[in-house]
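One-letter residues, chain by chain:
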Amino acid sequence: MSVEADDRPVTIYTVAERAGVSIATVSRVLQGSARSSPLTRQKVLRAVEELDYVPLRAARTLDVKRHEAHGLVLPGLTGPYFAELLAGYESTAAQYGQSVVVVLAAGIADLDTTLRTLLARVDGLVLTHGTASDSIIRTLATKTPTVVLAHAPIEGCDTVLVENSESAEELTTHLLGHGRRKLVFVGDPETSHDISQRYDGFVSALAAAGVTEGMPPLRVWFEESSALEIVETLMAAPGRADALVCANDELALATMTLLARRGVVVPRDLAIVGFDDIMASRYVDPGLTTVKQPTHGLGRWAAIRLHERIQGRTRDVAPQILPTQVVLRGSCGCPWEGPEIRPRRQHLGVDSLTARA
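Residues numbered from 1 in each chain as written. Predicted model: local features only at pLDDT ≥ 70, side-chain atom pairs only at ≥ 80, totals over all residues. Heavy atoms only, no water.

Trainee: So what's going on with the sheet that holds strand E10 (residues 320-322)? Residues and values would help.
Mentor: Across the sheet, which stays open at both edges, the six strands sit in the order E2-E1-E3-E4-E5-E10 with parallel pairing between neighbours. Of all strands in the sheet, those with a lone pairing partner are strand E2 (99-104) and E10, marking the two edges. Geometrically, the sheet is characterised by an average inter-axis angle of 15° between neighbouring strands, direction not taken into account. Note: strand E4 (residues 146-149) against strand E5 (residues 158-162), three bridges, orientation parallel. Considered in E5, the bridge of Val 147 is made with Asp 158. (Pairing = 2+ DSSP bridges. Helix = DSSP H or I, 4+ residues; strand = E, 2+ residues; numbered from the N terminus. Axes fitted to C-alpha atoms, helices over the stretch in contact; angles between N-to-C directions.)

Trainee: Tell me about the pattern of salt bridges, residues and numbers included.
Mentor: Close approach of charged atoms lets side chains of opposite charge pair. In total, this model carries eight salt bridges according to the counting rule given. When the shortest N-O distance is used, the salt bridge between Asp 188 and Arg 219 registers 3.0 Å. Of this pair, Asp 188 sits in the loop between strand E6 (183-186) and helix H8 (193-208) while Arg 219 sits in the loop between H8 and helix H9 (227-236); the two residues are 31 residues apart in sequence, bridging distant segments of the chain. By relative accessible area, Asp 188 is classed as buried at 15%. (Salt bridge = Lys/Arg side-chain N within 4 Å of Asp/Glu carboxyl O. Buried < 20%, exposed > 50% of the residue type's maximum accessible area, 1.4 Å probe, protein only.)

Trainee: Can you break down the packing of H9 against helix H10 (residues 249-261) residue by residue, with the values?
Mentor: Each packed pair of helices is defined by two parameters, the angle between the axes and the distance between the axes. It is the contact of H9 with H10, at a shortest axis distance of 9 Å, that shows an interaxial angle of 55°. For the element pair H9 / H10, the angle class is oblique. For H9 against H10, the interelement crossing comes out right-handed. Across the interface between the two elements, Ala 227, Leu 228, Ile 230, Val 231 and Met 235 of H9 pack against Leu 251, Ala 254, Thr 255, Leu 258 and Leu 259 of H10. For the contact of H9 with H10, a count of residues per class yields nine nonpolar, one polar and no charged. (Parallel < 35°, antiparallel > 145°, perpendicular 65-115°, else oblique. Left-handed = near helix turned anticlockwise from the far one by under 90°. Contact = heavy atoms within 4.5 Å. Nonpolar A, V, L, I, M, F, W, Y, C, P; charged D, E, K, R; others polar.)

Trainee: Got a sec to walk through the nonpolar core? Specific residues and values, please.
Mentor: Of all hydrophobic cores here, the largest spans 45 residues; its most connected members are Leu 175, Leu 183, Val 186, Leu 244, Leu 251, Leu 270 and Ile 272. Among the elements that line this core, the one with the most residues is H10, at seven residues. In this structure, Val 15, Val 26, Val 160 and Val 162 belong to the second largest nonpolar core, which totals 37 residues. (Core = buried A, V, L, I, M, F, W, Y, C linked by side-chain atoms within 4.5 Å.)

Trainee: Lay out H9 in plain terms, naming residues and giving numbers.
Mentor: Three or more residues of H9 are buried, namely Ala 227, Ile 230, Val 231 and Leu 234. One side of H9 carries all its buried residues, which in axial view fall inside an arc of 95°. Lining the buried residues of H9 we find E6, strand E7 (243-246) and H10. (Arc of directions from axis to C-beta.)

Trainee: Can you break down the side chain of Gln 320 residue by residue, with the values?
Mentor: The residue Gln 320 is located in strand E10 in this model. A relative accessible area of 0% places Gln 320 in the buried class. Within the structure, Gln 320 has its side chain in polar contact with the side chain of Arg 305 (distance 2.9 Å). With sequence-adjacent residues up to four places away left out, Gln 320 is seen in contact with Val 29, Leu 30, Arg 41, Leu 45, Thr 159, Val 160, Leu 161, Trp 301 and Arg 305. (Polar contact = N/O pair within 3.5 Å; in protein donor to acceptor, adjacent residues only side chain to side chain.)

Trainee: Break down the pairing of E6 for me, citing the residues and quoting the values.
Mentor: Burial along E6 is two-sided: the residues Leu 183 and Phe 185 and Val 184 and Val 186 are all buried. Two strands pair when backbone bridges link them, and E6 and E7 are joined in this way by four bridges, in the parallel orientation. Bridging from a neighbouring strand, Leu 183 pairs with Ala 243 of E7.

Trainee: Provide a residue-level description of empty space enclosed by the protein, including the pertinent values.
Mentor: Applying the stated criterion across every chain, the model contains two cavities of 30 Å³ or more. Computed from the structure, the second largest cavity encloses a volume of approximately 30 Å³. As for the second largest cavity, its lining consists of Ala 168, Leu 171, Phe 185, Arg 198, Val 245, Cys 246, Ala 247, Gly 274 and Phe 275. Contributing elements (two or more residues each) for the lining of the second largest cavity: helix H7 (165-177) and E7. Among the residues making up the lining of the second largest cavity, the classes are represented as seven nonpolar, one polar and one charged. (1 Å grid on protein atoms, 1.4 Å probe; cavity = no way out; pocket = protein on both sides within 12 Å on 5 of 7 lines; lining within 4 Å. Points joined across faces, edges and corners; volume = space filled by probe spheres on them.)

Trainee: Which residues make up the sheet that holds strand E8 (residues 271-273), and what values do they have?
Mentor: Reading across the sheet, the three strands line up as E6-E7-E8 and stay open at both edges, with parallel pairing between neighbours. With one partner strand each, in any of the chains shown, E6 and E8 form the two edges of the open sheet. The mean angle between the axes of side-by-side strands here comes to 15°, regardless of whether they run parallel or antiparallel. Inspection of the sheet shows E7 paired to E8 by three bridges, in the parallel sense. The residue bridging Leu 244 from the neighbouring strand is Ile 272, located in E8. Sitting on the sheet, H8 touches E6 and E7, and the angle it makes with E6 is about 170°. Strand contacts of H10: E6, E7 and E8, with the helix running at about 155° to E8, the strand carrying the most contacts.

Following this line, the structure appears as structure tokens:
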């Protein structure tokens, strides 16, 4: 929502009241200042999301021609992750009166030329992991306002990403608490910054628990098409794994489906956890234990940061790191009776339903 129940506009004061902090603290968090504690940042960012607050801090400092358009570069649109991210981005850009030109990097032979051509049509660029090389991004950032999304920070760009390593470590530690000792990380840490951080958290948890027989990561692409390779590798391996920590839910759910066809019972024979908390994760049986990340919020904050750069803020700020949360269901071995379906609201005389993990 964009207004409170009493129809007053949502302002920085509203956010401060909801988060229980001062407006100065809200301002520091929104500017990416490192002076705020992680807990405070989480309170403020949660309040911003709940209130659907869009900062309008910057003002135009130059009377120059604008295209009133953002360029958003994605690897592709397969799977639920990018669809949700795009929805968050487009809805926020629309609040600023901006259209969005989407470029899908997959299949473009000369992406460098494509992006340079795109600069003539947009006021700034957002580039996600798996699109352009760091050297190309640095060059583009010297010519136009640039934000990198789910990507390691690059000088001259704003950065928006989620917290990955701590939540992955917590998730892995939870599996160890179920007595699992032959854990395998599923996903290639070299394919993205996010997956690299999740693997770091996985390794940290094993080291902290003194588990030395950790198996090497199963380096596969992070889409459901990799599930068959995962299952065949697991079934053929001597001393099979007893738990999989998957880089995302798409890998975890597809693998669970194929394993069930082979007679493998989750979590009795093999525990599986994921990352993302896509909608399907709560409806499989057993429900998928995972990490909830604010994918819609990633798109939203990327649009906010790019708008601010376009409007004249040229100084670099700290990366915008959005909080994540471990969600426990049944696939790790926890008791789970399925999603609770409860009425949410009435619309046109029909009860809308929502599920709670």
